[in-house]
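Report on the structure
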Amino acid sequence: MSRSPFPLRLGAAFVLAAALGACASAPAPVATGHREIPASAPTGYLQGDAIPDSLALSPAPPAPGSAWAALDEAVARQAIALRDSARFGQAHADADLRFPTGAGQFSCALGVPVDATHTPVLYRLLQRSLIDASAATRAAKNHYRRPRPFMVNGQPTCTPDDEPHLRGSGSYPSGHTAIGWAWALILSEIAPERATALLERGRNYGHSRLVCNVHWYSDVQQGQAMGAAAVARLHDNAEFRADLAAARREIAAARAQALPVPRDCAAENAVLKTDLSEAR
């Protein structure tokens, strides 16, 4: 099997947090107008029965020979054709959910840098909601243990270092997609004037998992559903609601300072225009 031309990474140092058993790096204590954010590793807002049950909420993945499976395979073929393209490189970048990198994945769509210095409440909110959205996919992943596309088609992924770990983690639903869609929904509430750009970013964030050859289209679709379910439950959590309000104030202050986004947003936006026509 040929290797990705992009730099390799450590396996799953923070990817999918609780659902994939990784550990999050934590920022140093930061004093804010909301409260001091501790240096301890973050935990999710949701516990126990508050975490959506993906096994109850997810239909079984497509049966072999079904129309749904045929669509999955058609999308996978189209995604494989983007190997070694700029869009493949973006999928590699999108795969990294380790913080502080993960905090910046939606910075271009938001128009504000997200980091532990300028937006510490939002930074921690994204860390904690990542754990919740990821946990919301766990039951179905563990039950169905669906093989990932690269395990079936034998083609490379955009993150070869992660492949041994991914082989042992069920493909359905997509945890990365659940996280990205949850973030898109949350950030759209924080900055409604940027909602269209943020939701588009959430959509193509999930499509990066197709381009990476690590998820089927139906994995991504159900990942979006579970991300939305997690956000719905988060709104019943008082601590989340308080952090959401504080994050709105942070973003307004950061926007007033016209802080530069430390990414090449023009290049990123141009690359993300490459889409998968079958993934509709």
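In short, a report on the structure. (Residues numbered from 1 in each chain as written. Predicted model: local features only at pLDDT ≥ 70, side-chain atom pairs only at ≥ 80, totals over all residues. Heavy atoms only, no water.)

1. Some words on the environment of Gly 102
Formally: Put simply, DSSP marks the helices as runs of H or I at least four residues long and the strands as runs of E at least two long, and each gets a number from the N terminus on. The rule is simple: take the accessible area with a 1.4 Å probe, protein chains only, and divide by the maximum for that residue type; under 20% is buried, over 50% is exposed, in between is partly exposed.
Looking at the element boundaries, Gly 102 is found in the loop between helix H4 (86-94) and helix H5 (107-110). Gly 102 gets classed as buried once you look at its relative accessible area, which sits at 1%.

2. Comments concerning the state of the cysteines
Applicable threshold: Any two cysteine sulfur atoms within 2.5 Å of one another count as a disulfide.
Under the criterion given, the structure shown has 2 disulfides. Between the sulfur atoms of Cys 158 and its disulfide partner Cys 212 the distance amounts to 2.0 Å. Looking down the S-S bond of the Cys 158 and Cys 212 bridge, the torsion is -95 degrees, so its handedness is left-handed. Taken together, the residues span a long stretch of sequence, with Cys 158 in the loop between helix H8 (149-153) and helix H9 (163-167) and Cys 212 in the loop between helix H11 (195-211) and helix H12 (217-234) at a distance of 54 residues. Relative accessible area serves as the criterion here: at 0%, Cys 212 is assigned to the buried category.

3. Considerations on helix H10 (residues 175-190)
Let me state the cut-off plainly: The span one expects for a helix is its residue count, reduced by one, times 1.5 Å.
The first and last C-alpha atoms of H10 sit 23 Å apart over 16 residues, in line with the 22 Å expected at 1.5 Å per residue. Of all 16 residues in H10, 14 are buried; the element is thus mostly enclosed.

4. Some remarks on the pattern of salt bridges
The line we're drawing: Within this document, salt bridges are pairs made up of a side-chain nitrogen of Lys or Arg and a carboxyl oxygen of Asp or Glu, the two lying within 4 Å of each other.
This structure, assessed with the given rule, holds 10 salt bridges. When the shortest N-O distance is used, the salt bridge between Arg 255 and Glu 193 registers 3.4 Å. Of this pair, Arg 255 sits in helix H13 (residues 238-256) while Glu 193 sits in the loop between H10 and H11, and the two are 62 residues apart along the sequence. For Glu 268, the salt bridge identified is with Arg 201, shortest N-O distance 3.7 Å. Taken together, the residues span a long stretch of sequence, with Glu 268 in helix H14 (residues 265-272) and Arg 201 in helix H11 at a distance of 67 residues.

5. Focus on the packing of H10 against H11
Put simply, the rule is: Axes here refer to lines fitted to C-alpha atoms; in helices the fit is confined to the stretch in contact. Angles between the N-to-C directions go from 0 to 180 degrees. Here the angle decides the label: under 35 degrees means roughly parallel, over 145 means roughly antiparallel, 65 to 115 means roughly perpendicular, and every other value means oblique. Whether two residues are in contact is decided by their heavy atoms: any pair within 4.5 Å suffices. Three classes are used, and their members are as follows: Ala, Val, Leu, Ile, Met, Phe, Trp, Tyr, Cys and Pro are nonpolar, Asp, Glu, Lys and Arg are charged, and the others, Gly among them, are polar.
Running from amino to carboxyl end, H10 crosses H11 at an angle of 175 degrees, the nearest separation of the two axes being 8 Å. Looking at the two axes, H10 sits roughly antiparallel to H11. Between H10 and H11, the residues in contact are His 176, Thr 177, Gly 180, Trp 181, Ala 184, Leu 185, Leu 187 and Ser 188 and Ala 195, Leu 198, Leu 199, Gly 202, Arg 203, Tyr 205, Gly 206 and Arg 209, respectively. Tallied by class, the residues present in the contact of H10 with H11 amount to 8 nonpolar, 6 polar and 2 charged.

6. Digging into H14
The α-helix winds at 3.6 residues per turn, so residues separated by three or four positions along the chain end up facing the same way. The condition that has to hold: The directions considered for the arc run from the helix axis to the C-beta atoms.
The set of residues buried in H14 consists of Cys 265, Glu 268, Val 271 and Leu 272. End-on view of H14: buried residues confined to an arc of 130 degrees, all on one side of the axis. Next to the buried residues of H14 lie H4, H5 and H11.

7. Section: the environment of Trp 216
With respect to the secondary-structure elements, Trp 216 resides in the loop between H11 and H12. Along the sequence, Trp 216 and Ala 69 sit 147 residues apart, while their C-alpha atoms lie 9.0 Å from each other. Other than its neighbours up to four places away in sequence, Trp 216 contacts Asp 72, Glu 73, Ala 76, Arg 146, Pro 147, Arg 148, Pro 149, Val 152, Ser 171 and Leu 210.

8. Notes on the environment of Arg 194
Looking at the element boundaries, Arg 194 is found in the loop between H10 and H11. Looking at Arg 194, the relative accessible area reads 28%, which means it is partly exposed. C-alpha separation for the pair Arg 194 and Gly 111, spaced 83 residues apart in sequence, amounts to 8.2 Å.

9. Focus: the packing of aromatic side chains
Which entries qualify depends on this criterion: Centres within 6.5 Å make a pair out of two Phe, Tyr or Trp rings, where for Trp the six-membered ring is used; the pair is then stacked when the planes are under 30 degrees apart, edge-to-face when over 60, and tilted otherwise.
Enumeration over the complete set of coordinates arrives at 6 aromatic pairs. A ring pair is formed by Phe 99 and Tyr 123, whose centres lie 5.1 Å apart and whose planes are at 85 degrees; its orientation type is edge-to-face. Here Phe 99, found in the loop between H4 and H5, pairs with Tyr 123, found in helix H6 (residues 120-135); they are 24 residues apart in sequence, far enough to count as distant. Comparing Phe 99 with Tyr 123 shows no difference in burial state: the two are buried. Arranged with centres 5.6 Å apart and planes meeting at 45 degrees, the rings of Phe 106 and Tyr 205 form a pair that is tilted. Taken together, the positions of Phe 106 in the loop between H4 and H5 and Tyr 205 in helix H11 put the pair 99 residues apart, joining distant regions of the chain. The class for Phe 106 is buried, based on a relative accessible area of 4%. On the basis of relative accessible area, Tyr 205 is assigned to the buried category, the value being 1%.

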